[in-house]
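Chain by chain, the residues:
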Amino acid sequence: MTTHDHSLGSTVDPTGDTRLDHTMTGQCRCGQVHFTITARPIMTAACHCAGCQSMSSSAFSLTAMVPGAAFAVTGGEPVLGGLHGPDLHHFFCPHCMTWMFTRIEGIDAFVNVRPTLLQDSRWTTPFIETMTKNRLSWVRTPAKYQFDEFPPMDQFDDLMKAFAASLD
């Protein structure tokens, strides 16, 4: 039997299985900035690039790529942080400085959200790993696909279809 827990934003099965089919909500660590996602993610990833390692203060960053039109900041006002460059805009809470999401200049189709900020992040297993050439030797994730750098653009459609099938 499956029950719907709308506060978590997913379907929760008593066996622990979670399948995304409702609005998800999340917030920074201190709770001053909130966001909502109203569609399934496009894909999840662990990025091992040096920049993500530095910004997350960890071995990698986790990302849920979500449709840009389905993402909204619903409370608070995030600020730009991290590396200030012309291509990537990293958004943080101005109070606790939690790295919340990233927008890529000129690409409105998706937003890269830190999925561990969601009320229910149990479904957020990375589907792909990127920049594995920078992966720390002791790090292993259950990602199905690994890429030394970023996946070639001509593979994204197939990867997104495979990810969507993995959610069903």
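Computed from a predicted structure; not experimentally measured. (Residues numbered from 1 in each chain as written. Predicted model: local features only at pLDDT ≥ 70, side-chain atom pairs only at ≥ 80, totals over all residues. Heavy atoms only, no water.)

Caption draft 1: Representation of the side chain of Thr124 in the model. Counting through the fold element by element, Thr124 comes out in the loop between strand 12 (107-113) and strand 13 (128-130). Residue class for Thr124 comes out buried when judged on its relative accessible area of 9%. A distance of 2.6 Å separates the side chain of Thr124 from the backbone oxygen of Ser121, its partner in a polar contact. (Helix = DSSP H or I, 4+ residues; strand = E, 2+ residues; numbered from the N terminus. Buried < 20%, exposed > 50% of the residue type's maximum accessible area, 1.4 Å probe, protein only. Polar contact = N/O pair within 3.5 Å; in protein donor to acceptor, adjacent residues only side chain to side chain.)

Caption draft 2: Spatial organisation of the pattern of salt bridges. Inspection of every chain in the model, using the stated rule, returns three salt bridges. Close ionic contact of Lys133 with Glu149 constitutes a salt bridge, the shortest N to O distance being 3.0 Å. Of this pair, Lys133 sits in the loop between strand 13 and strand 14 (145-146) while Glu149 sits in the loop between strand 14 and helix 2 (156-167), placing them 16 residues apart in sequence. (Salt bridge = Lys/Arg side-chain N within 4 Å of Asp/Glu carboxyl O.)

Caption draft 3: The pairing of strand 4 (residues 24-27), seen in detail. Of the two faces of strand 4, only the one carrying Met24 and Gly26 is buried; Thr25 and Gln27 on the other face are not. Pairing of strand 4 with strand 5 (residues 34-37), which is carried by four bridges, proceeds in the antiparallel orientation. By the bridge assignment for strand 5, Met24 is matched with Ile37. The loop that links strand 4 with its antiparallel partner strand 5 comprises six residues; one of these, Gly31, has a positive phi angle of about 90°. (Pairing = 2+ DSSP bridges.)

Caption draft 4: Here's a closer look at the packing of aromatic side chains. Evaluation of the coordinates by the stated rule reveals five aromatic pairs. With a centroid separation of 5.6 Å and an interplanar angle of 35°, the aromatic rings of Phe35 and Phe71 are classed as tilted. Placement of the pair is Phe35 in strand 5 and Phe71 in strand 8 (residues 71-75), with a sequence separation of 36 residues. When its relative accessible area of 1% is taken as the criterion, Phe35 is described as buried. For Phe71, a relative accessible area of 6% gives the class buried. Above the face of the Trp99 ring, Arg114 is positioned so that its terminal group lies 4.0 Å from the ring centre. (Phe/Tyr/Trp six-rings, centres within 6.5 Å; stacked < 30°, edge-to-face > 60°. Lys NZ or Arg CZ within 6 Å of the ring centre and 35° of its normal.)

Caption draft 5: The environment of Thr44, seen in detail. Tracing the backbone shows Thr44 in strand 6 (residues 43-47). What makes Thr44 buried here is its relative accessible area of 1%. Sequence separation between Thr44 and Met65 is 21 residues, and the spatial gap between their C-alpha atoms is 6.0 Å. Apart from the residues lying within four places of it in its own chain, the contact partners of Thr44 are Thr63, Ala64, Trp123, Thr125, Pro126, Phe127, Ile128 and Phe163. In terms of polar contacts, Thr44 uses its side chain to reach the backbone carbonyl oxygen of Thr125, at 2.7 Å. (Contact = heavy atoms within 4.5 Å.)

Caption draft 6: Representation of the pairing of strand 6 within the structure. Counting buried residues along strand 6, five of its five residues qualify, which places the element largely inside the surrounding structure. Taking every second residue as pointing to the same face, both faces of strand 6 are buried, with Met43, Ala45 and Cys47 on one and Thr44 and Ala46 on the other. Of the strand pairs in this sheet, strand 6 and strand 7 (residues 61-67) are connected by five bridges, and their pairing is antiparallel. Looking across to strand 7, one finds that Thr44 is bridged to Ala64. Both strand 6 and strand 13 contribute to a ladder of three bridges, which runs parallel. When the bridges of strand 13 are listed, Ala45 appears paired with Ile128.

As far as function goes, none of this settles anything; it's purely spatial.
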